[in-house]
Structures are given as C-alpha cells and as structure tokens.
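Below are the chains, spelled out letter by letter.
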There are 2 protein chains.
Amino acid sequence: MDRQGPNYAIFEPPVSAEAGKTFLGADLGLTATEISRTVHGQGEGSRFVHAHRRNEEVYIVAKGQGWLYIDGEELPLREGSVVRVSCAGKRAVRAAGDQGLVYYCIQAQTGSLEQATFKDGYKLPELASWMPG
Amino acid sequence: MDRQGPNYAIFEPPVSAEAGKTFLGADLGLTATEISRTVHGQGEGSRFVHAHRRNEEVYIVAKGQGWLYIDGEELPLREGSVVRVSCAGKRAVRAAGDQGLVYYCIQAQTGSLEQATFKDGYKLPELASWMPG
C-alpha cells in the first residue's frame with residue numbers, strides 16, 4: 001500500500017506494466033467490492049471461461065483493445081468500454097492481436113446496492129484548495 | 001446502451017471526451033454498484049467536498065493526473081491510481097493544472113461483499129476462440 005489514512009487507501013500501479021493480474025481488495029481494505037487489475041500483452045488473455053455464484057462483475061477497459069467472450073459471442077472492447085456481466089454470464093477476456101490491454105474487474109454482490117449518489121452522498125462545508133470560498 | 005444480451009450490457013464512451021460526469025448504473029442495469037465516469041479538463045474538478053452515508057467508494061484513474069482532496073490533505077493521482085474512500089472520508093477530485101483527468105468512481109454498500117474470486121467464481125468447460133482445445 002502506497003499511502004493510507006483513517007478513511008482511505010491508495011494503490012499505485014508499478015511503473016513497468018508487467019502482464020498479470022493483481023487483486024487489490026486486501027491491500028486497499030475493500031469491504032464492498034473486490035477489484036483486480038489485469039495487464040495482458042498482445043494477444044494474451046484468460047486461459048479459461050468462468051461464471052460466478054453471487055457476484056455481478058463490471059469490466060472497465062483503461063487502455064488498449066481486446067475481446068470479450070460472453071455466452072459464445074466475442075465482442076470488441078476498446079479504451080473506455082464498461083461491461084456489466086451478471087453471474088450466469090460465461091466470460092473471458094483477451095487483448096487484441098496487435099496491442100495490449102489493461103482492464104479492471106469489479107466484483108460486488110448481486111442486488112446489494114440499496115441507495116446511491118444523491119441519496120447516499122451529502123455535501124460538506126469544507127473547501128479544497130481549488131474551490132472558491 | 002451499445003450492446004446487450006441476457007447476461008451483459010456494454011457502455012462505449014463517446015469518441016469526443018467531453019468534460020462531465022456520466023452515471024452508468026441505470027443504462028448498464030447494475031444491481032451491486034453505481035459507477036460514474038468523469039472527464040475533467042485541465043485544472044477542473046469537483047465543485048464541492050462530499051461524504052457518504054452507507055457506500056464505500058473506489059476511484060480508478062484511467063488517464064491523466066490530478067489531485068484527491070481527502071480529510072484536509074491533497075494527494076497526487078496518476079494513471080492507474082486506485083483509491084478506496086470510506087463513508088466518512090471528506091473527498092473531492094480535480095485534474096492537474098496542465099492535463100486532463102479521466103476517472104471512474106464505484107459506489108457499493110459498505111460491508112456487503114461476502115465472498116469473491118475463487119470462492120465465488122467457477123471454471124467452465126466452454127472454450128473461447130483463443131483457448132487451446
């Protein structure tokens with residue numbers, strides 16, 4: 001862990017983006033999600049198809065291009081693609097043949113979100129340095 | 001929504017990365033998280049500090065550099081930074097003065113994750129096109 005405080009923890013990726021998968025939940029102290037960061041070299045990808053028992057997954061493509069195998073289809077992924085895959089979805093991911101892929105996968109328990117955003121968040125009087133007083 | 005099936009939905013970001021915040025949960029049919037994608041131009045950022053009642057947030061920086069205001073500190077963010085902020089954390093984000101920032105924010109209910117990864121996922125016999133038989 002690179003830096004943490006009473007209410008936060010920060011992960012900084014290694015400067016050399018070696019291929020592989022890193023699970024961040026334990027280091028970050030996550031209690032609502034498990035998040036992994038995967039770096040695939042050109043043409044590399046998951047070695048098997050999988051599904052889930054209880055967790056919904058969301059894949060966020062941060063960099064590169066690739067393919068999502070889902071229930072027998074193969075769909076293109078590009079930088080910025082965000083994909084929800086429900087438990088039963090039979091899934092796998094690979095990088096495109098001519099470039100690498102960096103993606104994050106977020107697991108969280110299906111149906112567990114009860115409120116969000118304007119119902120869950122609230123404004124505070126504190127001001128950050130860039131906010132007018 | 002760009003493409004969807006019984007077990008998935010895909011969001012594709014607009015090609016022109018206009019500044020602003022897009023909530024993806026409704027379009028993607030998310031049930032475990034709410035996810036927003038934020039694009040800040042150079043030096044732009046949140047206009048207020050906020051905290052949450054029940055949801056843990058994770059910020060993932062997909063591109064650029066910026067700053068996280070957290071409980072009175074201001075910490076640098078760079079491409080690949082992943083930050084857990086617990087409910088009580090007083091937070092705000094801005095882009096660096098000389099470049100823009102693209103980040104995702106994932107909200108999920110604190111303490112809701114019960115199992116993950118090898119306990120929750122299971123291998124299937126299906127093979128994607130790139131997997132040896």
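Residues numbered from 1 in each chain as written. Chains lettered and ligands numbered in written order. Predicted model: local features only at pLDDT ≥ 70, side-chain atom pairs only at ≥ 80, totals over all residues. Heavy atoms only, no water.

Asks: Quick question: what am I supposed to make of the pairing of strand β4 (residues 34–40) of chain A here?
Replies: Looking along a regular strand, one sees the side chains alternate between the two faces of the sheet. All names here are of chain A. For β4, the buried fraction is high: seven of the seven residues fall into the buried class. Neither face of β4 is left uncovered, since the one carrying E34, S36, T38 and H40 and the one carrying I35, R37 and V39 both have all their residues buried. Of the pairings in the sheet, the one linking strand β3 (residues 20–23) to β4 comprises four bridges and is antiparallel in character. Across the sheet, residue K21 finds its bridge partner in β4, namely T38. The sheet contact formed by β4 and strand β11 (residues 101–109) spans seven bridges and is antiparallel. Residue pairing for β11: I35 is matched across the bridge by I106. (Buried < 20%, exposed > 50% of the residue type's maximum accessible area, 1.4 Å probe, protein only. Helix = DSSP H or I, 4+ residues; strand = E, 2+ residues; numbered from the N terminus. Pairing = 2+ DSSP bridges.)

Asks: Just to check I follow, could you spell out the sheet that holds strand β11 (residues 101–109) of chain B for this structure?
Replies: Across a sheet, strands are paired by hydrogen bonds formed along the backbone, either parallel or antiparallel in direction. Spatial ordering of the open sheet is given by β1(A)-β2(A)-β9(B)-β6(B)-β11(B)-β4(B)-β3(B), a layout of seven strands whose pairing is antiparallel. The sheet is open, and its two borders are formed by β1 (3–5) of chain A together with β3 (20–23) of chain B, each paired with just one other strand. Neighbour-to-neighbour, the strand axes of this sheet turn through a mean angle of 15 degrees, independent of strand direction. (Axes fitted to C-alpha atoms, helices over the stretch in contact; angles between N-to-C directions.)

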